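Geometric and topological summary
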Amino acid sequence: MPASTSKNSGCKCSKDCGCCLRKKSATHEQPKAPGFLARRPWLWVFVAFGIMLSAWTVMFTLALKNQPQTVPLVSDVDH
C-alpha cells in the first residue's frame with residue numbers, strides 16, 4: 001500500500017478523539033540526555049586497554065605454564 005500523501009497523515013477521525021494529539025506529541029519528543037559512558041567516551045579507551053592487557057596476561061600465563069619440553073641438539077663436532 002503506498003504511503004499517504006495527504007496533509008492529515010492518514011487520520012480519518014474527527015480530530016477530537018486524542019489519537020492525532022498522541023501521534024503529534026510522539027513525533028516531537030525531546031531527545032534523552034546521553035548516558036554516563038556516552039558523555040565520557042575516553043573511558044571506553046581505558047576499558048579497551050584493560051580488556052587487551054587482561055587477554056595478554058592470560059595468554060602469557062598459559063604459555064609459561066605449558067612450555068614445550070627442551071630437546072637437546074646433537075652437535076656434529078667429531079667429523
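Thresholds applied
Residues numbered from 1 in each chain as written. Predicted model: local features only at pLDDT ≥ 70, side-chain atom pairs only at ≥ 80, totals over all residues. Heavy atoms only, no water. Helix = DSSP H or I, 4+ residues; strand = E, 2+ residues; numbered from the N terminus. Buried < 20%, exposed > 50% of the residue type's maximum accessible area, 1.4 Å probe, protein only. Areas by Shrake-Rupley, 256 points an atom, 1.4 Å probe, with all protein chains shown as cover. Phe/Tyr/Trp six-rings, centres within 6.5 Å; stacked < 30°, edge-to-face > 60°. Patch = residues over 30% accessible without salt bridge, like charges linked within 9 Å, V, L, I, M, F, W, Y side chains within 5 Å. Salt bridge = Lys/Arg side-chain N within 4 Å of Asp/Glu carboxyl O. pLDDT = per-residue confidence, 0-100.

Let's talk about the overall build of the protein chain
If you tally the helices and strands in the protein chain, you get 3 helices and 0 strands. Listing every helix and strand of the protein chain by position from the N terminus yields α-α-α. A buried classification covers 6% of the 79 residues belonging to the protein chain. A total of about 8100 Å² of accessible surface is found on the protein chain, and carbon and sulfur atoms cover 66% of it.

Quick notes on the packing of aromatic side chains
Counting across every chain of the model gives 2 aromatic pairs. Look at W42 and F46: their rings are 6.0 Å apart centre to centre, the planes differ by 85 degrees, and that puts the pair in the edge-to-face class. Of this pair, W42 and F46 are both found in helix α3 (residues 42–65), 4 residues apart, which corresponds to roughly one turn of the helix. Both rings, one in W56 and one in F60, keep their centres 5.5 Å apart while their planes meet at 25 degrees; by these two values the pair is stacked. Residue W56 and its partner F60 are both found in helix α3; the two are separated by 4 residues, about one turn of the helix.

Quick word on a nonpolar patch on the surface
A contiguous nonpolar surface patch, about 740 Å² in accessible area, is contributed by V45, F49, M52, L53, W56, M59 and F60. Judged by relative accessible area, which is 51%, F60 ranks as exposed.

Side note on the confidence of the model for the protein chain
When pLDDT drops low, the exact placement of atoms in the prediction is not to be read closely. When the pLDDT values of the protein chain are averaged, the result is 80; 61% of them are 70 or greater. The lowest-confidence element of the protein chain is helix α1 (residues 19–27), averaging 65 in pLDDT; the highest-confidence one is α3, averaging 97.

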